[in-house]
Amino acid sequence: EWVRSVNFGIAHAVYQWATGTAFSDIMQMVEVQEGAIVRSIVRLEELLRKIRVTCRLIKNEELEKKMDLASEAIKRDIVFASSLYIV
(Lines give C-alpha, C1' and ligand atoms only; values in the text may rest on other atoms or scores of the structure.)
Protein backbone atom coordinates (compact mmCIF):
# COMPACT_ATOMS: atom_id res chain seq x y z
CA GLU A 1 0.00 0.00 0.00
CA TRP A 2 2.85 2.44 0.69
CA VAL A 3 3.94 2.16 -2.96
CA ARG A 4 0.73 3.86 -4.08
CA SER A 5 1.40 6.78 -1.76
CA VAL A 6 4.93 7.39 -3.12
CA ASN A 7 5.25 9.81 -6.02
CA PHE A 8 8.07 8.64 -8.28
CA GLY A 9 7.34 11.46 -10.75
CA ILE A 10 9.86 13.74 -9.09
CA ALA A 11 12.59 11.11 -9.54
CA HIS A 12 12.72 11.86 -13.27
CA ALA A 13 13.06 15.58 -12.58
CA VAL A 14 15.86 14.98 -10.06
CA TYR A 15 17.63 12.68 -12.52
CA GLN A 16 17.40 15.34 -15.21
CA TRP A 17 18.87 17.86 -12.78
CA ALA A 18 21.74 15.51 -11.94
CA THR A 19 22.54 15.08 -15.63
CA GLY A 20 22.85 18.84 -16.12
CA THR A 21 19.45 19.85 -17.47
CA ALA A 22 18.52 23.46 -16.76
CA PHE A 23 15.91 24.00 -14.06
CA SER A 24 13.67 25.93 -16.46
CA ASP A 25 13.71 22.98 -18.88
CA ILE A 26 12.86 20.56 -16.09
CA MET A 27 9.89 22.71 -15.09
CA GLN A 28 8.51 22.38 -18.62
CA MET A 29 8.76 18.56 -18.40
CA VAL A 30 6.86 18.04 -15.15
CA GLU A 31 3.66 19.16 -13.50
CA VAL A 32 5.14 19.64 -10.06
CA GLN A 33 5.70 22.87 -8.17
CA GLU A 34 9.23 24.24 -8.20
CA GLY A 35 9.48 24.09 -4.42
CA ALA A 36 8.75 20.36 -4.37
CA ILE A 37 11.59 19.68 -6.78
CA VAL A 38 14.02 21.94 -4.93
CA ARG A 39 13.08 20.36 -1.61
CA SER A 40 13.57 16.86 -3.04
CA ILE A 41 17.00 17.70 -4.43
CA VAL A 42 18.11 19.33 -1.17
CA ARG A 43 16.88 16.37 0.89
CA LEU A 44 18.65 13.97 -1.48
CA GLU A 45 21.91 15.87 -0.95
CA GLU A 46 21.40 15.60 2.83
CA LEU A 47 20.88 11.84 2.47
CA LEU A 48 23.99 11.51 0.30
CA ARG A 49 25.99 13.37 2.95
CA LYS A 50 24.79 10.99 5.66
CA ILE A 51 25.64 7.98 3.52
CA ARG A 52 29.15 9.40 2.92
CA VAL A 53 29.69 9.70 6.67
CA THR A 54 28.55 6.11 7.12
CA CYS A 55 30.85 4.97 4.33
CA ARG A 56 33.79 6.59 6.12
CA LEU A 57 32.85 4.80 9.34
CA ILE A 58 32.67 1.40 7.66
CA LYS A 59 35.68 2.21 5.43
CA ASN A 60 33.84 1.73 2.13
CA GLU A 61 35.82 4.13 -0.05
CA GLU A 62 34.25 3.00 -3.31
CA LEU A 63 30.71 3.79 -2.19
CA GLU A 64 31.88 7.03 -0.58
CA LYS A 65 33.32 8.17 -3.93
CA LYS A 66 30.03 7.35 -5.65
CA MET A 67 28.13 9.40 -3.11
CA ASP A 68 30.58 12.28 -3.65
CA LEU A 69 30.00 12.17 -7.40
CA ALA A 70 26.24 12.07 -6.96
CA SER A 71 26.37 15.00 -4.57
CA GLU A 72 28.54 17.02 -6.94
CA ALA A 73 26.09 16.33 -9.78
CA ILE A 74 23.08 17.75 -7.94
CA LYS A 75 24.68 20.50 -5.86
CA ARG A 76 24.63 23.34 -8.38
CA ASP A 77 22.95 26.50 -9.61
CA ILE A 78 19.68 27.87 -8.34
CA VAL A 79 18.74 24.89 -6.18
CA PHE A 80 21.66 25.54 -3.82
CA ALA A 81 21.80 29.31 -4.10
CA SER A 82 22.10 30.87 -0.65
CA SER A 83 19.51 33.50 -1.60
CA LEU A 84 17.39 34.30 -4.61
CA TYR A 85 17.19 37.95 -3.65
CA ILE A 86 19.59 40.44 -5.20
CA VAL A 87 20.80 43.10 -2.79
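See above for the structure.
Residues take numbers from 1 onward in each chain, read along the sequence in its written order. Restriction of local features to residues with pLDDT of at least 70 applies here, the model being predicted, together with a cutoff of 80 or more for giving and counting side-chain atom pairs; totals for whole chains, interfaces and linings are based on all residues. To obtain the side-chain values, all non-hydrogen atoms of the structure were used and water was disregarded.

(A) Quick look at the overall build of the protein chain. Along the protein chain, the regular secondary structure elements total 5 helices and 0 strands. Type-normalised accessible area, obtained with a 1.4 Å probe on protein chains alone, sets the label of each residue: buried when under 20%, exposed when over 50%, and partly exposed for intermediate values. Burial analysis of the protein chain (87 residues in total) assigns 26% to the buried set. The criterion used for residue contact is that any of the two residues' heavy atoms lie within 4.5 Å. Here the analysis covers contacts within the protein chain between residues at least 6 apart in sequence; of these, 50% occur between residues at least 24 apart. Values of accessible area rely on a 1.4 Å probe in the Shrake-Rupley scheme; residue burial ignores everything except the protein chains shown. When the accessible surface of the protein chain is totalled, it reaches about 6800 Å², and 56% of it is carbon and sulfur. Put simply, DSSP marks the helices as runs of H or I at least four residues long and the strands as runs of E at least two long, and each gets a number from the N terminus on.

(B) Expanded view of the pattern of salt bridges. The salt bridge definition used is simple: a Lys or Arg side-chain nitrogen within 4 Å of an Asp or Glu carboxyl oxygen. Summed over the entire model, instances satisfying the criterion amount to 5 salt bridges. In this structure, R76 engages D77 in a salt bridge whose closest nitrogen and oxygen atoms are separated by 2.6 Å. Assessed through its relative accessible area of 55%, D77 is described here as exposed.

(C) The arrangement of the packing of helix α4 (residues 34–58) against helix α5 (residues 61–74) in detail. At a minimum axis separation of 9 Å, α4 and α5 run at an interaxial angle of 160°. With respect to each other, α4 and α5 are oriented roughly antiparallel. Considering how the two elements wind past one another, α4 and α5 form a crossing that is left-handed. On the side of α4, the interface is formed by I41, L44, E45, L48, I51, R52, C55 and R56, while α5 contributes L63, E64, M67, D68, A70, S71 and I74. Side-chain classes are defined by residue name, with Ala, Val, Leu, Ile, Met, Phe, Trp, Tyr, Cys and Pro counting as nonpolar, Asp, Glu, Lys and Arg as charged, and the others, Gly among them, as polar. Taken together, the residues of the contact of α4 with α5 break down into 9 nonpolar, 1 polar and 5 charged. Whenever a helix is involved, its axis is fitted only over the stretch in contact; in every case the axis is a line through C-alpha atoms, and angles between N-to-C directions fall within 0 to 180 degrees. When describing relative orientation, an angle under 35 degrees is termed roughly parallel and one over 145 degrees roughly antiparallel, while 65 to 115 degrees is termed roughly perpendicular and anything else oblique. What makes a crossing left-handed is the near helix being turned counterclockwise from the far one by less than a right angle; a clockwise turn instead makes it right-handed.

(D) Representation of the nonpolar core within the structure. Side-chain atoms within 4.5 Å are what join buried Ala, Val, Leu, Ile, Met, Phe, Trp, Tyr and Cys residues into a set we call a nonpolar core. Formed by 15 residues in total, the largest nonpolar core has its most connected members in W17, F23, I37 and I41. The set of elements that each furnish at least two residues to this core consists of α2 (9–18), α3 (23–29), α4 and α5. Ignoring sequence-local partners within four residues, the contact set of I41 consists of V14, W17, I74, V79 and F80.

(E) Here's a closer look at the packing of aromatic side chains. Two rings belonging to Phe, Tyr or Trp (six-membered ring only in the last case) form a pair when the distance between their centres is within 6.5 Å. Interplanar angles under 30 degrees mark stacking, angles over 60 mark edge-to-face geometry, and anything in between is tilted. For the structure on display, the rule yields 1 aromatic pair. A ring has a charge above it when a Lys NZ or an Arg CZ is no more than 6 Å from the ring centre and no more than 35 degrees off the ring normal. Of note, R76 hangs over the ring of W17, and the distance from its end group to the ring centre comes to 3.7 Å.

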